[in-house]
Amino acid sequence: MTERLAASWADPPGLKGFLFTVDHKRIAGRYIVTAMAMMALAGLLALDMRWQLSLPGMRRMGPQLFNESFALHGSTMLFLVSVPVMEAMALWLVPLMLGQRNMAFPRLSAFSYWLYLGGVLMLWVPHALGITPDLGWFEYPPLSGPGYSPGHRADIWAQMITFTEVAALAASVNVSVTILKLRPPGMTLPRMPLFLWAMLVASLMTIFALPAVMLATSMLIADRLVGTQFFAPAAGGDVLLFQHMFWFFGHPEVYIIFVPAVGFVSTIVETFCRRPVFGYPAMVLSILAIGTLAFGLWVHHMFAVGLPRLGNDFYTAASMTIALPAGLQIFCWIATIAGGRVRLALPMLWVLAFIVTFVIGGLTGVMTAAAPLDLQLTDTYFVVAHFHYVLVGGAIFPLLGAFTYWYPKATGRMLGERLGRLAFAAIVGGFNLGFFPMHILGLWGMPRRVYTYGPEMGWGPLNLLATFGSTVAVGGGLLFVANALWSLWRGLPAGANPWGAATLEWATASPPPAPSFAMVPVVDSLTPLWPGDAPLRVMTGLRDDRRELLVTSVVEALPLYRQKSPGPSAWPLVAALAVSVLFLGSIFTPWALIWGAVPVAVALTFWFWPHRPRARHGPLAARR
């Protein structure tokens, strides 16, 4: 049976298998590698900008190159790294944590990656050719409108958004359906691991938030290409409309990045404290509360545009309210640690660094949520320090902890502990050395997005310290990557469950085989693999001579029916290429939307062409 199952789920050999695979593990792996390569490039850009600012009057960069660098750094980190890498972790982990063999829509996973890669190329190939967006990661009109930005720099940025957001929507729909309909028997909603709750909420937030920014960038392209006037005040348009739509996406995005980190941290804390997370119902409710409240705060990014006072008061109160569920989560983790048998392994160190750093970032967030103070601090380096403490401390540190935690499962090897601790010290120490002085620089009045400053301002010593700290952090990042590569070759064999963890992904071999699980597990508790719980039972019935998944009910996870899972296919790649041609052509001519839709329709028709015989019963029965 094992051999038949492996043959059913194996990819074709060679290049064909590489291009046509729908294996969630392979797709997630290339997603993660691509996102990490983007993070490395964005990090080098940041280091270059820090070098420019390290001393007064430096001439490493001129104003145009500095503008291009911070626009490219911000766009890459927000659109090509932070959200995609969280989706990649979901694509890899969700089926394994559900005891399933693949995602609900395997071909949609492949389509999502190829389109994401199109977004990467859309931004970085023009950069290599000397055409780089230079208006920040937000590209506000009227500066990005046709009157002030001739050429295609703003178009490239706007279409990069379209690429990555369509890819994100495809991945999020896939993750949501997989969690709701492919849970193993017994994994009712109250028995669902917190990681799955976090990914479900983050995916739903993505589905609701991203259409706003896609619409905003499409309207911007229409203004630039066909002369619409959405953002032209002289013709009745409104530039603030763009900001409202952008930040309706932009603020939830912070939590789309942070909420998966809640899942990482909860999983790691549970394993290394040897007890379930304290206050499971409160944690679930707090995740749901963050997912809801995040859509009511976007205007606090726009206090400086001149809103009515009542609006400022409302959004100040709403922005402070979201600190309550976030604070509740911190207390639940601390209570779990205080009542558990803590093992300070490498993943747990990342969790501790996350808690300290995120609390600092959260407190400065409460400060900037107050409209009067925000008006004094906006566009200063205080804000730069705040959002790096939130995003790096609240998302990247847990992500690095997740990499170290699931590295043995993905590779079958243990990550080197000594080099890992050295990289941890360099990254965390360097980050705090690099970004904490920016709070003080902001309070002293140093504005963001300046490419140089004079010696009379007195900002030189703290900027030099920030550059030194950033250099140490980048060195730590290189050490982290080197350790991962070295351990892949020389690391100790991991075994199936080296941490003694409780969730289902540790019930299969390390690394997981192509079908991941030979049989569907049956779950009786929140911690099915821990001693004291009933031995893990399995359910039979899925065929081993073809690809099948078990579909269950949404709330109780009761088995409903077997679902055929599609195999490797060229059509996700072909469809992504057709969509890419349409997006790229629409920068130059509106007719691309008409003629480009033809190959897209052809690709989708072949993709969804039915291959099963017509039903003999029911409303779709074939006539005899």
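Conventions we followed
Residue numbers here run from 1 along each chain, matching the order of that chain's written sequence. Two thresholds apply to this predicted model, a pLDDT of at least 70 for residue-level local features and 80 or more for giving and counting side-chain atom pairs, whereas whole-chain, interface and lining totals are computed over all residues. In computing side-chain properties, one takes all heavy atoms of the structure into account and sets aside hydrogens as well as water. Numbering of helices and strands runs from the N terminus; a helix is a DSSP stretch of H or I covering at least four residues, while a strand is a stretch of E covering at least two. Our radius of gyration is a C-alpha quantity, and the globule rule it is checked against amounts to 2.2 Å times the number of residues to the power 0.38. In this scheme, a residue with accessible area under 20% of its type's maximum is buried, one over 50% is exposed, and one in between is partly exposed, where area comes from a 1.4 Å probe on protein chains only. We define a nonpolar core as any set of buried Ala, Val, Leu, Ile, Met, Phe, Trp, Tyr and Cys residues linked to one another through side-chain atoms lying within 4.5 Å. Working rule for contacts: check all heavy atoms of both residues, and any pair within 4.5 Å makes them a contact. Throughout, an axis means a line fitted to C-alpha atoms (over the contacting stretch in the case of helices), and angles, computed between N-to-C directions, take values from 0 to 180 degrees. The labels follow the angle: roughly parallel below 35 degrees, roughly antiparallel above 145, roughly perpendicular from 65 to 115, and oblique for the rest. For any helix crossing, the convention is left-handed if the near helix is rotated counterclockwise from the far helix by under a right angle, and right-handed if that rotation is clockwise. Residue polarity is assigned by list, with Asp, Glu, Lys and Arg as charged and Ala, Val, Leu, Ile, Met, Phe, Trp, Tyr, Cys and Pro as nonpolar; anything else, Gly included, falls into the polar class. Side-chain rings of Phe, Tyr and Trp, where Trp is taken by its six-membered ring, are said to pair if the distance between their centres is within 6.5 Å; with planes under 30 degrees apart they count as stacked, over 60 as edge-to-face, and otherwise as tilted. Throughout this description, the term charge over a ring refers to an Arg CZ or Lys NZ atom that lies within 6 Å of the ring centre and within 35 degrees of the ring normal. The pairing criterion is simple: DSSP has to find at least two bridges between the two strands. A 3.5 Å cut-off defines polar contacts: any pair of N or O atoms within that distance qualifies, except that in protein one atom must be a possible hydrogen donor and the other a possible acceptor, and neighbouring residues in sequence count only when both atoms are side-chain atoms. UniProt positions are given in the numbering used here, feature names are shortened, and annotations may be inferred rather than shown by experiment.

**Digging into the overall build of the protein chain**
Reasoning step 1: Broken down by element type, the protein chain carries 19 helices and four strands.
Reasoning step 2: A globule of 624 residues ought to have a C-alpha radius of gyration of about 25 Å, and the protein chain, at 25 Å, matches this closely.
Reasoning step 3: Taking the principal axes of the C-alpha coordinates as reference, the protein chain spans close to 75 × 65 × 50 Å.
Reasoning step 4: Counting every position in the protein chain, which comprises 624 residues, the buried fraction comes to 56%.

**Digging into the nonpolar core**
Reasoning step 1: With 178 residues, the main nonpolar core has W333 and W406 as its most contacted residues.
Reasoning step 2: Per-element tally for this core: the top contributor is helix α4 (residues 63-97), with 20 residues.
Reasoning step 3: Not counting chain neighbours up to four residues away, the residues in contact with W333 comprise V262, V265, S266, V269, V277, M283, F354 and I355.
Reasoning step 4: Core analysis: the second largest hydrophobic core is formed by five residues, L5, L182, L549 and V551 among them.

**As for the packing of helix α3 (residues 24-53) against helix α16 (residues 460-490)**
Reasoning step 1: Look at α3 against α16: their axes get within 9 Å of each other, and the N-to-C directions meet at 155 degrees. Compared by their axis directions, α3 and α16 come out roughly antiparallel. Classified by chirality, the crossing of α16 by α3 is left-handed. Here G43, L47, R50, W51 and L53 of α3 lie close against α16, whose contacting residues are N463, A466, T467, S470, T471 and V474.
Reasoning step 2: Taken together, the residues of the contact of α3 with α16 sort by class into five nonpolar, five polar and one charged.

**Topic: the packing of aromatic side chains**
Reasoning step 1: Counted by the stated rule, this structure contains 46 aromatic pairs.
Reasoning step 2: For the ring pair Y31 and Y116, a centre distance of 5.0 Å and an interplane angle of 25 degrees mean the geometry is stacked. Within this pair, whereas Y31 is found in helix α3, its partner Y116 is found in helix α5 (residues 106-128), the two being separated by 85 residues in sequence.
Reasoning step 3: For R30, the ring lying beneath its charged end belongs to F18, and the centroid distance is 4.2 Å.
Reasoning step 4: When the ring centre of W489 is taken as reference, the NZ or CZ atom of R490 above it lies at 5.3 Å.

**Some details on the pairing of strand β4 (residues 559-564)**
Reasoning step 1: Bridging between strand β3 (residues 548-552) and β4 involves five bridges; their strand directions are antiparallel. Opposite T552, over in β4, you have P559 as the bridge partner.

**Re the side chain of S8**
Reasoning step 1: Mapped onto the fold, S8 is located in helix α1 (residues 2-9).
Reasoning step 2: Side-chain polar atoms of S8 contact the backbone oxygen of D544, separated by 2.8 Å.
Reasoning step 3: Non-local contacts of S8, meaning those with residues more than four positions away in its chain, are made with D544, D545, R546 and R547.

**A look at the UniProt feature "domain: Cytochrome oxidase subunit I profile" (unreviewed entry) in the protein chain**
Reasoning step 1: When the UniProt feature table is mapped to this numbering, "domain: Cytochrome oxidase subunit I profile" (unreviewed entry) covers residues 3-524.
Reasoning step 2: Counted over residues 3-524, helix gives 69% and strand 1%. Its end C-alpha atoms are 29 Å apart.

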